[in-house]
Amino acid sequence: MKHTHQLRIGPVGFRIGSDWAAPIAQLKTLYRDYPSPHGDIADFNVRLFATRPWRRLVRPSVMIGGDYILPEAAPLPLAQGLLAAEMAMNLQMALGQRRYLLIHASVVERDGRALIMTGESGAGKSTLAAMLAARGWRLMGDEFALVDPTTGLIHAFPRLVSLKNKAIHVVSAAMPKGRFGPLLAATPKGDIQHLVPDARAIAAMDQPAMPALLLFPNFGFAPAIRDVGAGEVFVRLTQASTNYVAMGERGFTALTRLVREIPAKAIDYPDTGAAMTAVEQLWTGL
Amino acid sequence: MDRVVKTDGWLLARALCDPASVATLDANGWTSLLTIARAEQLIGSLAHRLEGLPMPESAARILADARGSAAQGRVLALWEAEMARRALASLGCPVVLLKGTAFIAAGLAAGVGRSIGDLDILVPTDRLDAVERALIAANWEWVKPDPYDDAYYRRWMHELPPLIHRDRDRMIDVHHTILPLTARITPDAAALIADSVALENGLRILSHPDMLIHAAAHLFADGDLAGGMRNLWDVHRLVEEFGTEGVFDRAAHHGLSVAMHRAVRLAAALYADPDGVQLRLSRLDRLYLHRLTARDGWGRAVRPLLRQAFYMRSHLLRMPPLMLARHLWTKWRGGHHAI
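Since we're looking at a predicted model, the values are computed, not measured.

## Focus: the overall build of chain A
For step 1, the next point in the chain: For chain A, the count of helices and strands is 8 helices and 16 strands.
For step 2, the next point in the chain: Taking 286 residues into account, the globule formula puts the C-alpha radius of gyration at 19 Å, and chain A, at 19 Å, falls close to it.
For step 3, the next point in the chain: By the burial criterion, 57% of the 286 residues in chain A qualify as buried.
For step 4, the next point in the chain: In chain A, the proportion of contacts linking residues at least 24 apart, taken out of those at least 6 apart, comes to 70%.

The structure is reproduced here in structure tokens:
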């Protein structure tokens, strides 16, 4: 393809090709401190291409392609090319990853132990991970927890943190020195701005961590903490996993081990301050 | 053999044919090879073929993942066959597994690492209605609610409209012969079933000659060559395992001599003798090979005009021109009128 870039996020290498220069230039800037894929052989390919040859120039619109595709994926305007690239990388993981059990979750680490936060879109996974990183936790990822079925360890996948709508202001106010990507207004998912994980998160991305606590955050309610029973944890994690079925028995083993071995709590929170308090309280009580 | 391997399907063909040849690949070559193999749904087969050879660690890891994925695919495919067996057991009619599921159920070399999508079975024409009822009773459902498509399948196709299982989300294609009824060639479907071979669990597979003939028929007398590299890999592995004795006589009986000869010739050209020293390839053969290998190092389909030409050819093989015109007109209008 005309414009290309290769990068590695945690253990996963990507090769990205594009019909246009702009999305690749943005990726190169935002991912400038990330290494190349191991041995320069990427695990997955991502392609950003024009729906029709003339649409490279006239009202350019970006189709998402790669090793794995969803037939119903809609094109994005070129101004949102960075989002297209991020979505396409996530899609390769969601559909193609077979080495690790993927859980749609954000992960932060302290003292070699990982806190996993999972929940539906809008629950505050990315925001809480970014806010905890601002308070000294190591960011391991805001999209997927990579569970190694052999060791039970969580591998980091610190891609750009995708902040949406109101979370953009909350996080940029808390991280005045943070590096942010361009504001992508009015995307199919609302306003989006990407935060580059800090130097520590990138430097330590090859260090996995033992899972220690599983949280189901829930934004917009009065502060509350409750236990979550093993049955509910199991069902919610199978729903939050993109490759649980495809992983077969290895996926089942990895997932049930997580359910059995670490405590799980649901926290309701009205604002990020309350969530931080709840997290610190639960973590010290482990 | 200093033949320059281009970055297209030939790169994959060469690696499958001569695994040691990957020793010369650089990082870019490996990336292209893995990408093309994935796009042609041959990465599992490649992964088994290259197992144990020296290679970069990252390539070894990707191929190990592919072997794991194929192993899980095998479990699912065999389970799906078992589900169909249970659903149809009370009918007492022969149920013949076709394509990938047959290869793995019978433990054939062609099944090693093979990706498998739908479950394909062959049943006697006169039991088709009973089979359909039994599958629907066991929670398979129609995929295509369009009345024109449905009627078209039932009147002219060699299979029922595809059914999908409500819970397992897997498709089953129920064949009663191996070519559409509109094609000029009419294979002997009764003979396919009569000469099929029983497996331990009571399901059946085609005889070895018929297995090869089916692969050839699918590729050259019906399809537009999509997935052709995988199809010819099947042919190559089957020929390696069983030879071609009796195959051409049997193909003649089915009216599929031309397709069978071409399949064996092109499989050899891709996977046994890429320099074509022993083969007398015609111009048309070379055109086929050019189409079959039309894939670039990014996994993209290339050579669009050639692809389009073979696509149109596949339709002309499938039905007479006047009928084709009417079919395309109806599809284009999106209408639901008489066939």
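## Side note on the interface of chain A and chain B
For step 1, the next point in the chain: Listed per partner, the contact involves 25 residues of chain A and 18 residues of chain B.
For step 2, the next point in the chain: For the pair chain A and chain B, the two sides together bury roughly 1800 Å², of which 52% comes from carbon and sulfur.
For step 3, the next point in the chain: Run the count over chain A and chain B and you get 2 salt bridges.
For step 4, the next point in the chain: The salt bridge partner of Asp67 of chain A is Arg38 of chain B, with a shortest N-O separation of 2.7 Å.
For step 5, the next point in the chain: Our count for the contact surface shared by chain A and chain B stands at 8 residue pairs in polar contact (both at pLDDT 80 or more).
For step 6, the next point in the chain: When contributions to the side of chain A that touches chain B are tallied by element, the ones reaching two or more residues are strand E2 (12–18), strand E3 (44–50) and helix H7 (248–261) of chain A.
For step 7, the next point in the chain: Top contributing element to the side of chain A that touches chain B by residue count: E3 of chain A, with 4 residues.

## Let's talk about the confidence of the model for chain B
For step 1, the next point in the chain: Here chain B shows a mean pLDDT of 91. Residues at 70 or above account for 95%.
For step 2, the next point in the chain: Across the predicted assembly, pTM comes out at 0.93 and ipTM at 0.94.

## Quick word on the sheet that holds strand E4 (residues 61–66) of chain A
All names here are of chain A.
For step 1, the next point in the chain: One open sheet accounts for 5 strands, arranged E1-E2-E3-E4-E5; its pairing is mixed. This sheet does not close on itself; its edge strands, each paired only once, are strand E1 (3–9) and strand E5 (76–77).
For step 2, the next point in the chain: Taken together, the 5 bridges between E2 and E3 define a ladder with parallel strand orientation. Across the sheet, Ser18 pairs through a bridge with Leu48, a residue of E3.

## Thoughts on the environment of Leu122 of chain B
Residues and elements named next belong to chain B.
For step 1, the next point in the chain: With respect to the helices and strands, Leu122 occurs in strand E2 (residues 119–122).
For step 2, the next point in the chain: In this structure the C-alpha to C-alpha distance between Leu122 and Leu98, which are 24 residues apart in sequence, comes to 6.9 Å.
For step 3, the next point in the chain: Discounting residues that sit within four places of it in the chain, Leu122 has contacts with Pro94, Val95, Val96, Leu98, His175, His176, Thr177, Leu192, Ile193 and Leu206.

## As for the packing of helix H9 (residues 208–220) of chain B against helix H11 (residues 247–254) of chain B
Residues and elements named next belong to chain B.
For step 1, the next point in the chain: At their nearest, the axes of H9 and H11 sit 9 Å apart, and the two run at 60° to each other. Between H9 and H11, the angle falls in the class oblique. At the point where H9 passes H11, the crossing takes the right-handed sense. Here Pro209, Asp210, Leu212 and Ile213 of H9 come into contact with H11, specifically with Val247, Arg250, Ala251 and His254.
For step 2, the next point in the chain: Here the residues of the contact of H9 with H11 are counted per class, giving 5 nonpolar, 1 polar and 2 charged.

## Notes on the pattern of salt bridges
All names here are of chain A.
For step 1, the next point in the chain: Following the criterion strictly, the structure yields 33 salt bridges over all chains and no others.
For step 2, the next point in the chain: In this structure, Arg138 engages Glu109 in a salt bridge whose closest nitrogen and oxygen atoms are separated by 3.1 Å. Of the two residues, Arg138 sits in strand E8 (residues 138–141) while Glu109 sits in strand E6 (residues 101–110), which places them 29 residues apart along the sequence. Grouping residues by exposure puts Arg138 and Glu109 together as buried.
For step 3, the next point in the chain: Within this structure, Glu86, Asp142, Glu143 and Arg159 form a network of salt bridges that share partners.

## A few points about the sheet that holds strand E3 (residues 140–142) of chain B
All names here are of chain B.
For step 1, the next point in the chain: Overall, mixed pairing links the 7 strands, which are arranged E3-E4-E5-E2-E1-E7-E6 in an open sheet. In this open sheet, the two edge strands, each paired with only one partner strand, are E3 and strand E6 (197–198).
For step 2, the next point in the chain: By the bridge criterion, 2 bridges tie strand E4 (residues 163–165) to strand E5 (residues 171–175) in an arrangement that is antiparallel. By the bridge assignment for E5, Ile164 is matched with Met171.

## Quick word on the domain arrangement of chain A
Residue and element names in this part refer to chain A.
For step 1, the next point in the chain: When the domains of chain A are assigned, the result is domain 1 (3–96) and domain 2 (101–284).
For step 2, the next point in the chain: Computed from C-alpha atoms alone, the centre-to-centre distance between domain 1 and domain 2 is 24 Å.
For step 3, the next point in the chain: On the domain 2 side, the residues contacting the 24 residues of domain 1 number 29 residues.
For step 4, the next point in the chain: Interface area for domain 1 against domain 2, summed over the two sides, is near 2100 Å², with a carbon-plus-sulfur share of 66%.
For step 5, the next point in the chain: Contact with domain 2 buries area across many residues of domain 1, yet Leu30, Tyr34 and Met93 alone supply 25% of it, more than any other trio.

## Thoughts on a nonpolar patch on the surface
All names here are of chain A.
For step 1, the next point in the chain: On the surface, Trp54, Leu57 and Val58 cluster together into a nonpolar patch covering about 380 Å² of accessible area.
For step 2, the next point in the chain: Note on placement: Trp54 falls in the loop between E3 and E4.
For step 3, the next point in the chain: Judged by its relative accessible area of 53%, Trp54 falls in the exposed class.

Criteria and thresholds
- Residues numbered from 1 in each chain as written.
- Chains lettered and ligands numbered in written order.
- Predicted model: local features only at pLDDT ≥ 70, side-chain atom pairs only at ≥ 80, totals over all residues.
- Heavy atoms only, no water.
- Helix = DSSP H or I, 4+ residues; strand = E, 2+ residues; numbered from the N terminus.
- Rg over C-alpha atoms; globule rule 2.2 N^0.38 Å.
- Buried < 20%, exposed > 50% of the residue type's maximum accessible area, 1.4 Å probe, protein only.
- Contact = heavy atoms within 4.5 Å.
- Buried area = accessible area lost by both parts, 1.4 Å probe.
- Salt bridge = Lys/Arg side-chain N within 4 Å of Asp/Glu carboxyl O.
- Polar contact = N/O pair within 3.5 Å; in protein donor to acceptor, adjacent residues only side chain to side chain.
- pLDDT = per-residue confidence, 0-100.
- Pairing = 2+ DSSP bridges.
- Axes fitted to C-alpha atoms, helices over the stretch in contact; angles between N-to-C directions.
- Parallel < 35°, antiparallel > 145°, perpendicular 65-115°, else oblique.
- Left-handed = near helix turned anticlockwise from the far one by under 90°.
- Nonpolar A, V, L, I, M, F, W, Y, C, P; charged D, E, K, R; others polar.
- Domains from an automatic or database assignment.
- Patch = residues over 30% accessible without salt bridge, like charges linked within 9 Å, V, L, I, M, F, W, Y side chains within 5 Å.
- Areas by Shrake-Rupley, 256 points an atom, 1.4 Å probe, with all protein chains shown as cover.

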